[in-house]
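What follows is the residue order along each chain.
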Amino acid sequence: MTLYNQTIAELHKKLVAREVSSEEITRDVLERVKDVEQELKAYLTLTEEAALAAARTVDAKIAAGEKIGPLAGIPVAVKDVMSTKGVRTTCASKILENYVPVYTATAVKKLLGDGAVMIGKTNMDEFAMGSSTENSGFNPTMNPWDIERVPGGSSGGSAAAVAAGEAIYALGSDTGGSIRQPAALCGVVGMKPTYGLVSRYGLVAFASSLDQIGPFTKDVTDCAIVLKALVGHDPADSTSLEYEAEEYVEALQRDVKGMRFGVPKEFMEEGVEPGVKQRFEEAIELFAKLGVEVDETTLPHVDYALSAYYIIAPAEASSNLARFDGVRYGLRVEGEDMIDTYMKTRAAGFGDEVKRRIMLGTYALSAGYYEAYYGQAQKVRTLVAQDFEEAFKKFDGIISPTSPTVAFKIGEKVADPLAMYLSDIFTIPVNLGGFPGISVPCGLSDGLPVGLQIIGPTFGEGIILNAAYAFEQALGFKERPSL
Ligand code: GLN
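Below, the discussion takes up the packing of helix α7 (residues 220–230) against helix α17 (residues 461–475). Contact geometry of α7 with α17 gives a least axis separation of 9 Å together with a crossing angle of 160°. By the angle class used here, α7 and α17 are roughly antiparallel. Taking contact as the criterion, the partners of V220, T221, C223, A224 and L227 in α7 are, on α17, E461, L465, A468, Y469 and E472.

With respect to spatial proximity, 15 residues lie near the ligand, and among them G176, S178, Y309, R357 and D424 are the closest. Taking T175, its main chain carries an N or O atom lying 2.8 Å from an oxygen atom of the ligand. Y309 places a side-chain nitrogen or oxygen 2.6 Å from an oxygen atom of the ligand. For the ligand, whose accessible area on its own is 290 Å², the fraction buried by protein is 100%. Split into classes, the residues belonging to the shell around the ligand amount to five nonpolar, seven polar and three charged.

With that settled, consider unusual backbone geometry. In the segment running from G153 into S154, the intervening peptide bond is cis, with an omega of 10°. Here S154 shows up in the loop between β3 (117–122) and α5 (156–164). The phi dihedral of A128 is positive, around 70°, even though this residue is not glycine. In this fold, A128 is placed in the loop between β3 and α5. The class for A128 is buried, based on a relative accessible area of 5%.

Considering the arrangement of structural elements, one finds K192 in strand β5 (residues 189–192). Buried within the structure, K192 lacks any salt-bridge partner; its nearest side chain of opposite charge belongs to D174, at an N-O separation of 6.1 Å. One polar contact links the side chain of K192 to the main-chain carbonyl oxygen of F435, over a distance of 2.9 Å. Excluding its chain neighbours within four sequence positions, the residues that come into contact with K192 are D174, R180, Q212, V430, N431, G434, F435, P436 and G437.

An order of β1-β3-β2-β4-β6-β5-β10-β11-β9-β7-β8 is seen for the eleven strands of this open sheet, with the pairing classed as mixed. Of all the strands in the sheet, just β1 (43–46) and β8 (293–297) have a single pairing partner and so form its edges. Looking at each pair of strands side by side, their axes are set apart by 30° on average, direction ignored. Across two bridges, β5 lies against strand β6 (residues 212–217) in antiparallel orientation. What sits directly across from G190, in β6, is F216. Of the strands in this sheet, β2 (75–79), β3, β4 (169–174) and β6 touch helix α4 (residues 106–113), which is tilted by about 165° from β4. Of the strands in this sheet, β4, β5, β6 and β10 (437–445) touch α7, which is tilted by about 145° from β6.

Further remarks concern α17. With 15 residues, α17 extends 21 Å from end C-alpha to end C-alpha; this agrees with the ideal 21 Å at 1.5 Å per step. When you tally the buried positions in α17, you get eleven out of 15 residues, the bulk of the element. Those residues of α17 not exposed but buried are E461, G462, I464, L465, N466, A467, A468, Y469, A470, F471 and E472. Where α17 ends, the next residue or the one after it, G476, has phi of about 65°, a positive value.

Right, let's talk about the packing of aromatic side chains for a bit. The geometry of an aromatic ring pair is captured by the separation of the ring centres together with the interplanar angle, meaning the angle of the planes. A full pass over the atoms with the stated rule returns 18 aromatic pairs. On the numbers, 5.1 Å between centres and 40° between planes, the contact of F127 with F324 is tilted. Pair noted here: F127 is in the loop between β3 and α5 and F324 is in the loop between α11 (305–320) and α12 (338–349), with a separation of 197 residues, a long-range link. Take F127 and F324: they sit in the same class, and that class is buried. Ring centres of F388 and F435 lie 5.2 Å apart, and the angle between their planes is 45°; on these two criteria the pair is classed as tilted. Of this pair, F388 sits in helix α14 (residues 370–394) while F435 sits in the loop between α16 (428–433) and β10, placing them 47 residues apart in sequence. Summarising the burial analysis for this pair, F388 and F435 share the class buried. Aromatic ring contacts, followed pair by pair, group Y99, F127, F324, Y329 and F350 into a single cluster. The ring of F138 has R88 sitting right over it, with the charged end atom 5.9 Å from the ring centre. Just above the ring of F408 sits the side chain of K413; from NZ or CZ to the centre is 4.2 Å.

Thresholds, definitions, all that
- Residues numbered from 1 in each chain as written.
- Predicted model: local features only at pLDDT ≥ 70, side-chain atom pairs only at ≥ 80, totals over all residues.
- Heavy atoms only, no water.
- Axes fitted to C-alpha atoms, helices over the stretch in contact; angles between N-to-C directions.
- Helix = DSSP H or I, 4+ residues; strand = E, 2+ residues; numbered from the N terminus.
- Parallel < 35°, antiparallel > 145°, perpendicular 65-115°, else oblique.
- Contact = heavy atoms within 4.5 Å.
- Near = heavy atom within 4 Å.
- Polar contact = N/O pair within 3.5 Å; in protein donor to acceptor, adjacent residues only side chain to side chain.
- Areas by Shrake-Rupley, 256 points an atom, 1.4 Å probe, with all protein chains shown as cover.
- Nonpolar A, V, L, I, M, F, W, Y, C, P; charged D, E, K, R; others polar.
- Buried < 20%, exposed > 50% of the residue type's maximum accessible area, 1.4 Å probe, protein only.
- Lys, Arg positive; Asp, Glu negative; His and termini not counted.
- Salt bridge = Lys/Arg side-chain N within 4 Å of Asp/Glu carboxyl O.
- Pairing = 2+ DSSP bridges.
- Expected span 1.5 Å × (residues − 1).
- Phe/Tyr/Trp six-rings, centres within 6.5 Å; stacked < 30°, edge-to-face > 60°.
- Lys NZ or Arg CZ within 6 Å of the ring centre and 35° of its normal.

In structure tokens, the structure reads:
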């Protein structure tokens, strides 16, 4: 029986019915990794032994008649930006190539506490800066639908792993689209929760006011299951919210009839590829059939979102990345004195995109420019968030294509950072406002997946999961990469 291509919900049933063991599932997934990893390169580190040991622990519990949770015994892949005790955590950067954390990120710890079986750590754009996983300091990851194309980014390894069955589900992080965009490009479900809903403790910070951890899954039901496990207040993260998680799986069954969604007219004026536009228009028609009303709306300041993001995110990154100095973590290149050591270490350890962001951010924060750039960008951010709040007075959610294009060719945009930045034009505004967003497959264009983004108000996870589920069921998208 092929197990690697099944969902969390399906495998859980089989585990409880004792039709399969967690060890069998884990071995099947590891076997799949061996078969396709050569071509995809989704992982940076595999934790085979620990995975099998965790699987056996769950099997012993089942054998003893103990009740297990929905994630127990199910293999998961974790983006290499989350700290894992005793397991190398690189952020796909040379500067952390040999860094082994002494503690585990809360989000990962919660899953492991529920009996999750971690298969390994996945590739990404260095420090989560990018949209294609080509900025990895080690190697790019390939898209399982077409290995000449990128899987998206920055969580490209996690997206590719789930799409190809190298994990049953995965964790990613999303600062400006890094879960939703790769989910769209790889034909899987990806969700960025409300800012503060999932603890960031142990998530290596890129832009702290924007970063959120969230799931990659094969379908919306699994997304609801994983989200439920991740949510919870964490005293170790000062931005973690006190919020009682909804029963997200139950929310899926609610009737969507009478829901109202807005399509921002500004989004449709952007350069959306014809194939993507077509799938999106069909999605609107499908919603109409479900009794969901879709109307045009406006986000008047959204055109400035990308510019504001590329001040705020680099500014926060320049500060967050100051800690990688050759003294405290990872790489150290000895220089003539302390300053020289800092400089040599950072010159050798950071890749081009990271250096670009540090320079931009440092400049934007420097005395004399702070108000003109950072202060101004923060004001724009507020205006963008207010636009969404206004729209949510009339609509239950906002919908758009997740990405303006399908997966692009490896190498196509590496030389043009601005073209790369535009990949997140529809996802970045959501992070600026801290709202939740989900990407769900809405068909293929030229054989490549297209994603539909559903954005909800703060704590609107139940709403967008409900709508995504109804859409998924009505569409019946079952295509998988042929790899
Ligand atoms: N692609 C965007 C960037 O490079 C977003 C990345 C992310 O969400 N981590 O900043």
